[in-house]
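Per-entry structural report
This is what each chain is made of:
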Amino acid sequence: MSAPDGPAALLSSERARTVEQVDALTRDFDSVVEACESDAYDDEHDPEGHTIAYERQQVASLLREAKVHLTEIDDALARLDSGTYGTCGVCGGPIAGERLATRPATRTCITCAR
Ligand SMILES: [Zn+2]
């Protein structure tokens, strides 16, 4: 049915990459939280305190983005199943092939993305 590098293949390799990213970020987040909760941590007096709090925020926001992206990929796979993949969710027009090749999980055409 689909070519070797068709949308299904693109989406599944993107999905595998994103799952790995979520795993890695979850591990990072856990270790930052551990650092925050360790007895040595004192955010009033430890000059490192702000750095750890900042780092935790950064990792948390990256993790959130990666999870959102994973949802987008799953949505795109569902659209592929239902035959609406490649159709802009805003204007209903077709999404350009080059755009899908670089952002396989996108749901809007380049015009609506602006
Ligand atoms: Zn559109």
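Preceding this section is the structure that the text describes.
Residues numbered from 1 in each chain as written. Predicted model: local features only at pLDDT ≥ 70, side-chain atom pairs only at ≥ 80, totals over all residues. Heavy atoms only, no water.

1. Observations regarding the coordination of the zinc ion
To be explicit about the condition: Because no water is among the atoms considered, metal sites can look incomplete, with donors defined as N, O and S atoms within 2.8 Å of the metal, or 3.2 Å for Na, K and Ca. Just to be clear on the cut-offs, tetrahedral is four donors with all angles between 85 and 135 degrees, square planar is four donors and octahedral six with opposite donors over 155 degrees apart and all others between 65 and 115, and anything else goes down as irregular. Whether a residue is buried, partly exposed or exposed follows from its accessible area with a 1.4 Å probe, protein chains only, as a fraction of its type maximum: under 20%, in between, or over 50%, in that order.
At this site the zinc ion is bound by Cys-88 (SG), Cys-91 (SG), Cys-109 (SG) and Cys-112 (SG), with donor distances of 2.2 to 2.3 Å. Here the zinc ion is ringed by 4 donor atoms whose angles at the metal span 105 to 114°, and the overall shape comes out tetrahedral. Considered as a linear motif, the donors of the zinc ion on their single chain read C-x2-C-x17-C-x2-C. What makes Cys-109 buried here is its relative accessible area of 8%. Owing to a relative accessible area of 26%, Cys-112 belongs among the partly exposed residues under this scheme.

2. Remarks on the nonpolar core
For clarity, the cut-off: Nine residue types can take part in a nonpolar core, namely buried Ala, Val, Leu, Ile, Met, Phe, Trp, Tyr and Cys, and a core is a set of them joined through side-chain atoms within 4.5 Å. Residues count as neighbours in contact if any of their non-hydrogen atoms are within 4.5 Å of one another.
Leu-11, Ile-73, Ala-76, Tyr-85, Cys-88, Ile-95, Leu-100, Ala-105 and Cys-109 together form the largest nonpolar core, which totals 9 residues. Other than its neighbours up to four places away in sequence, Ile-73 contacts Leu-11, Glu-14, Arg-15, Thr-18 and Ala-105. Listed in part, the 5 residues of the second largest apolar core include Val-22, Leu-25, Leu-63 and Ala-66.

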